[in-house]
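Take a look at the letters that make up each chain.
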Amino acid sequence: MHHAILFRVDADKVADVRAHDAEEPGEGWGCFGDAGVGEADWIGHWAPGTSEILLDPKLGYPMAAGSALIMQVHYSTLAIGDRPAGDDQSSVRLRLTTGKLTPLRTELFMAPIELPCTAEEKGALCEREAAIADVSRRFSLDAKEQTTALVKWCSGGEPAPGPTQHCDMPVQEPATLHALAGHMHLLGRSIKVELNPGKPGARTLLDVPRYDFDNQALQPLAEPVTVRPGDTIRTTCTHDASLRAQLPLLRDLPPRYVVWGEGTQDEMCLGIVVAS
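Structure report, in brief.

**A closer look at the pattern of salt bridges**
Taken as a whole and assessed by the stated rule, the structure comprises 16 salt bridges. The salt bridge involving Glu121 is made with Arg244; its shortest N-O contact spans 2.7 Å. On the criterion of sequence distance, the pair formed by Glu121 in the loop between strand E6 (105-110) and helix H2 (128-138) and Arg244 in the loop between strand E12 (232-239) and strand E13 (270-275) is long-range, its members being 123 residues apart. Neither residue differs from the other here; Glu121 and Arg244 are each classed as buried. Two residues, Arg128 and Glu129, come together in a salt bridge whose shortest N-O distance is 3.3 Å. In the salt-bridge network here, residues are joined through shared partners; they are Asp134, Arg137, Arg138, Arg256 and Asp266.

**So, the state of the cysteines**
A covalent bond between the sulfur atoms of two cysteines is what we call a disulfide. For the coordinates displayed, the defined rule picks out three disulfides. Here Cys117 is linked by a disulfide to Cys126, with a sulfur-sulfur distance of 2.1 Å. Because the sign of the S-S torsion sets the handedness, a value of about -95 degrees for the bond joining Cys117 and Cys126 places this disulfide among the left-handed ones. Here Cys126 falls in the buried class, since its relative accessible area comes to 18%. The disulfide partner of Cys154 is Cys167, and the gap between their sulfur atoms is 2.0 Å.

**Some thoughts on the sheet that holds strand E1 (residues 3-9)**
The three strands are arranged E2-E1-E4 in an open sheet whose pairing can be described as antiparallel. With partners counted over all chains shown, the strands left at the sheet margins are strand E2 (41-46) and strand E4 (68-74), one partner each. In this sheet, adjacent strand axes meet at a mean angle of 25 degrees when their direction is disregarded. Here five bridges tie E1 to E2, and the two strands are oriented antiparallel to one another. Paired with Ile5 across the bridge in E2 is His45. Against the sheet, helix H1 (residues 11-23) makes contact with E1 and E4, and its axis sits at roughly 125 degrees relative to E1, the strand it touches most.

**Here we look at the side chain of Glu267**
Mapped onto the fold, Glu267 is located in the loop between E12 and E13. There is no salt bridge for the buried Glu267, and the closest opposite charge comes from Arg244, which lies 8.3 Å off by N-O distance. One polar contact links the side chain of Glu267 to the main-chain amide nitrogen of Leu187, over a distance of 2.7 Å. Filtering out sequence-adjacent residues up to four positions away, Glu267 remains in contact with Ile113, Met184, His185, Leu186, Leu187, Gly188, His239, Val258, Val259, Trp260 and Gly261.

**Some thoughts on the sheet that holds strand E7 (residues 164-170)**
Pairing within the open sheet is antiparallel, and its four strands lie in the order E7-E12-E9-E10. Both edges of this open sheet fall to E7 and strand E10 (203-208), since each of them pairs with a single strand only. The average angle at which neighbouring strand axes cross in this sheet is 15 degrees, direction not considered. In terms of strand pairing, strand E9 (residues 188-195) meets E12 through seven bridges, oriented antiparallel. When the sheet's bridge partners are listed, Lys192 is paired in E12 with Thr236.

Rules used throughout
Residues numbered from 1 in each chain as written. Predicted model: local features only at pLDDT ≥ 70, side-chain atom pairs only at ≥ 80, totals over all residues. Heavy atoms only, no water. Salt bridge = Lys/Arg side-chain N within 4 Å of Asp/Glu carboxyl O. Helix = DSSP H or I, 4+ residues; strand = E, 2+ residues; numbered from the N terminus. Buried < 20%, exposed > 50% of the residue type's maximum accessible area, 1.4 Å probe, protein only. Disulfide = S-S within 2.5 Å. Pairing = 2+ DSSP bridges. Axes fitted to C-alpha atoms, helices over the stretch in contact; angles between N-to-C directions. Contact = heavy atoms within 4.5 Å. Lys, Arg positive; Asp, Glu negative; His and termini not counted. Polar contact = N/O pair within 3.5 Å; in protein donor to acceptor, adjacent residues only side chain to side chain.

Without other data, these values stay purely geometric and don't point to any function.
Here it is, written out as structure tokens:
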């Protein structure tokens with residue numbers, strides 16, 4: 001398992017989701033980045049090292065009568081080789097309560113991935129456009145659009161190749177932040193999420209100086225943090241292409257210029273924020 005994300009769909013959308021499911025053979029349907037069905041709210045996730053993290057009992061994700069959950073699962077087959085994958089035994093347990101609670105939502109703060117091959121690596125996929133075409137082939141054209149959009153938002157439309165990337169995203173509406181997590185893949189070295197960097201009152205919301213893919217637990221803030229329009233949240237990630245030659249899952253794969261992608265051989269830079 002690479003990771004799993006739970007999305008909530010409201011009751012008036014459930015019939016459309018079931019119809020969408022029926023259009024593709026087998027269980028479930030393919031998607032890239034989100035639930036693949038339009039409006040669906042992220043309410044939880046699992047990644048290696050994650051266990052249940054309890055926040056203030058006055059907080060909760062609302063589940064109205066008739067709503068449903070979609071579980072998006074990313075599998076990695078790199079470790080199984082020619083062996084059969086076995087049966088999926090994923091499941092979800094909900095901790096339920098009633099009464100007047102403050103509703104939570106999940107916000108995502110991304111930065112681009114523009115990680116060239118090392119000087120020792122050679123190959124067709126070390127060319128940026130070839131690597132983007134490969135990600136699009138393995139997933140969908142949405143992969144190329146994601147890379148293009150991140151470069152446009154975060155670096156003025158021009159990619160800036162290198163191990164460290166960041167993106168400043170403006171806060172759109174008032175919110176209270178309660179917990180954060182960082183998500184990268186196997187080439188990730190560090191991730192940081194900051195509020196108003198370089199300005200008076202700047203603070204670090206999440207700092208993982210030694211990123212470990214097997215320890216992606218949500219980290220509650222010591223005290224909730226209030227943000228308002230005019231504030232900026234910066235996400236910064238450092239990746240290391242030299243790790244590719246050292247990792248059993250990656251060392252036999254062709255070297256590549258790494259961009260944003262869902263595969264374990266691709267990368268992400270994602271700050272996950274639980275807010276109300």
